[in-house]
Structure formats: structure tokens, C-alpha cells
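Structural overview
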Amino acid sequence: MRDLGVGFRYLLKGQRWVGRHGRQYGFGLLPGLITLVLYAAALVALALWGSDLIGWATPFADDWADPWTGLFRGFLTAVLFALALLLCVLTFTAMTLLIGQPFYESLSERVDRDVSPDGTAPESDLPLLRELWISARDSLRIVLRAAVWAALLFALGFIPVAGQTVVPVIGFFVTGFFLTEELTAVALQRRGVEVRERLALLRSRKTLVWGFGTPLAVAFLVPFVAVFLMPGAVAGATLMARDLMGEETQDGAAKQPEDANTP
């Protein structure tokens, strides 16, 4: 259980790191803002035309007696929007990391150099396009796994009592695990750790992962919070990746602070 507190401290340390490095924080906000606009537009479109989509998909209900047609389609519309919202939460990090790959790669390297005893950071030595391809491929794999869990938890949500109490709690832990995997991937990919190895590494210390990712999953439910926490989450995940890999880390605050104008 000690790892729960350790994971949460890495989350806080990441936020403190970007707080001391304002320029890195500013650049790290851009991908989240872009993703937020795209997701908001998709949800607005679904809210406006979701009922039309459900009507088109359920022609067999046209001849039902009132009010059953409206109730049935209204229920399906609400289910569709709720599922879309859950998928947005589960995939927001993956999409933001994909859009912001160069930004977060640079931020993660800066964290590594800042806390490394010798001031160096692991480098992938891969061309940018190759890194983007690997990131997109791995993100898709994780999103598909997350979507399976989302569908399962959504179905279990209809179980009386447990569906409204136990299942949401499990959902936060599952979401926290996948959030952590996506965030640590930035640092672990530079170290040549493949997605299967990353998942095995994270499963070996689940309480550490939950301590980091579960509070983040809860915070991400608040509108706009994900955008502002993402840079610090990447920084904290880099610190946690060093722990998972058994790398020595020293407090970056003890070093000479970097110039705020340094790119």
C-alpha cells in the first residue's frame, strides 16, 4: 500500500516541476487545448444530431405506440452520449500525447536531464516520423484495450446497486491504469521499452500506478482540468518511469534553476 502514496507524490512532483519551468509548461498546454477543441466539437455535434442518428439506426421503432418510441430512442441517445463521454475521458490522454509528441518528448527529456545525477537523458535515436508511427500504433492498441474495458464496465453499470457503487470505483482504477500507461510511454519509449514490456512493468507495481493515475482520472472529469494538468502529468510520469526502470534520481530543485527563457 505504500506505493499508493509514492505514486501520488510523483503526480505532485510533476506539477511542481512544470511550476518551476514556466516556458515548458506553456508549450505543454498547446496539445491539450487543441485536443479539447476537437473533442468539444465532436460532443456538441453528437448532442445536436445524436437523436437523428438513433432514429436512423432504429427504423423498427417507427410504428411503436406513443410514448414508447420517444422513450426508447431517448434512452439510446443518452446511452450513446454517455458512452462517447467515457471514451473521450479514456482517449483524451492518448490523443493529446499523439498531437503533442514533439512537445512532450522535449519536456520529458528536460525532466530526465534535470533529475539525472549526470545531467543526461536517454534518447531513442529514431527519426521523428518513426517515433510518431510507433506512438500512434501503441496508442491505438491501448485505446482498443480501454474501449473493451469501457464497454464491459458500461454493461456492468446496469447491475442494481453494484452498478452504481462498486463499478464506478473499478472504472476509476481501470482508467487510472491506462492513463498512466499512456503518460509513462513518453519516457519509456525513449528507453526502447515496447508496449507489452510497458504493460508488464506497470502490472508489476499496480498500486504505484493506481496512486498516480486514479487521482488524475478523477481530476480529468472536471472540464478543462485535463488541459492544465497534462504537462505536469507527463513530467511526473517521467519521474515514475525512472523509478520503474531502477534509475537513480536526484531532486532537480537542488540544481541551478534553468533560465525561464530557455526553449
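Below is a short write-up of the structure. None of the values given here were measured: they were computed from a predicted structure.

The next thing to look at is the overall build of the protein chain. Secondary structure assignment for the protein chain yields 9 helices and 0 strands. When its helices and strands are written in sequence order, the protein chain yields α-α-α-α-α-α-α-α-α. By its C-alpha atoms, the protein chain is 75 × 40 × 30 Å across when sized along the principal axes. Buried positions account for 43% of the 263 residues belonging to the protein chain. A total accessible area of about 13600 Å² is found for the protein chain, and carbon and sulfur atoms account for 70% of it. Positive and negative side-chain charges in the protein chain, numbering 22 and 24 respectively, have mean positions lying 5 Å apart.

This brings us to the nonpolar core. Counting 51 residues, the largest nonpolar core has Leu 183, Phe 212 and Met 230 as the members making the most contacts within it. Of all the elements, helix H9 (residues 225-244) adds the most residues to this core, at 11 residues. Setting aside its immediate chain neighbours within four residues, Met 230 contacts Phe 92, Thr 93, Thr 96, Leu 97, Tyr 104, Leu 183 and Phe 220.

Here we come to the side chain of Arg 198. With respect to the helices and strands, the residue Arg 198 is situated in helix H7 (residues 195-203). Residue class for Arg 198 comes out buried when judged on its relative accessible area of 1%. Every residue in contact with Arg 198, bar those within four places of it in the chain, is listed here: Asp 138, Glu 181, Ala 185, Leu 188, Gln 189 and Val 193.

As a further point, take the pattern of salt bridges. This structure, assessed with the given rule, holds 10 salt bridges. Put simply, Glu 105 and Arg 190 hold a salt bridge, and the shortest N to O gap is 3.2 Å. Residue Glu 105 is found in helix H4 (residues 101-115), and its partner Arg 190 is found in helix H6 (residues 162-190); the two are separated by 85 residues along the sequence. Arg 190 carries the same exposure label as Glu 105, and that label is buried. Where Glu 247 meets Arg 242, a salt bridge forms, and the shortest distance between an N and an O atom there is 3.5 Å. By sharing partners, the salt bridges in this structure join Glu 105, Asp 112, Arg 190, Arg 191, Arg 242 and Glu 247 into a single network.

Moving on, we get to the environment of Ala 57. One can find Ala 57 in helix H2 (residues 22-57). Overall, the relative accessible area of 44% leaves Ala 57 in the partly exposed class. With 16 residues separating them in the primary sequence, Ala 57 and Arg 73 have C-alpha atoms 9.8 Å apart.

By the element assignment, Arg 73 lies in helix H3 (residues 68-99). For Arg 73, a relative accessible area of 17% translates into the label buried. Of the polar contacts made by the side chain of Arg 73, one reaches the backbone oxygen of Thr 58; its length is 2.5 Å. Ignoring any residue separated from it by four or fewer positions in sequence, one finds Arg 73 in contact with Ile 54, Gly 55, Thr 58, Pro 59, Ala 61 and Asp 62.

So, about H6. Spanning 29 residues, H6 covers 41 Å between terminal C-alpha atoms, matching the ideal 42 Å at 1.5 Å per step. Just beyond H6, the residue with positive phi is Gly 192, at close to 75 degrees.

Turning to the packing of helix H1 (residues 2-20) against H9, a few remarks are in order. Interhelical geometry of H1 versus H9 gives an angle of 125 degrees and a closest axis separation of 7 Å. In this view, H1 runs oblique relative to H9, as classed from their interaxial angle. The chirality of how H1 crosses H9 is right-handed. Contacts between H1 and H9 involve Val 6, Tyr 10, Lys 13, Gly 14, Gln 15, Trp 17 and Val 18 on the former and, on the latter, Phe 228, Leu 229, Pro 231, Gly 232, Ala 233, Ala 235, Gly 236, Leu 239, Met 240 and Asp 243. Grouping the amino acids of the contact of H1 with H9 by side-chain chemistry returns 11 nonpolar, 4 polar and 2 charged.

As a further point, take a nonpolar patch on the surface. A cluster of nonpolar side chains, contributed by Phe 27, Leu 30, Leu 33 and Phe 103, occupies part of the molecular surface with about 330 Å² of accessible area. Tallying contributions element by element places H2 first for the nonpolar patch, with 3 residues. Topologically, Phe 103 is positioned in helix H4.

Below, the discussion takes up the environment of Gly 119. Along the polypeptide, Gly 119 turns up in the loop between H4 and helix H5 (128-156). Judged by its relative accessible area of 31%, Gly 119 falls in the partly exposed class. Expressed as a C-alpha distance, the spacing of Gly 119 and Gly 14, which sit 105 residues apart in the sequence, is 18 Å.

Parameters and conventions
- Residues numbered from 1 in each chain as written.
- Predicted model: local features only at pLDDT ≥ 70, side-chain atom pairs only at ≥ 80, totals over all residues.
- Heavy atoms only, no water.
- Helix = DSSP H or I, 4+ residues; strand = E, 2+ residues; numbered from the N terminus.
- Buried < 20%, exposed > 50% of the residue type's maximum accessible area, 1.4 Å probe, protein only.
- Areas by Shrake-Rupley, 256 points an atom, 1.4 Å probe, with all protein chains shown as cover.
- Lys, Arg positive; Asp, Glu negative; His and termini not counted.
- Charge placed at Lys NZ, Arg CZ, Asp CG, Glu CD.
- Core = buried A, V, L, I, M, F, W, Y, C linked by side-chain atoms within 4.5 Å.
- Contact = heavy atoms within 4.5 Å.
- Salt bridge = Lys/Arg side-chain N within 4 Å of Asp/Glu carboxyl O.
- Polar contact = N/O pair within 3.5 Å; in protein donor to acceptor, adjacent residues only side chain to side chain.
- Expected span 1.5 Å × (residues − 1).
- Axes fitted to C-alpha atoms, helices over the stretch in contact; angles between N-to-C directions.
- Parallel < 35°, antiparallel > 145°, perpendicular 65-115°, else oblique.
- Left-handed = near helix turned anticlockwise from the far one by under 90°.
- Nonpolar A, V, L, I, M, F, W, Y, C, P; charged D, E, K, R; others polar.
- Patch = residues over 30% accessible without salt bridge, like charges linked within 9 Å, V, L, I, M, F, W, Y side chains within 5 Å.

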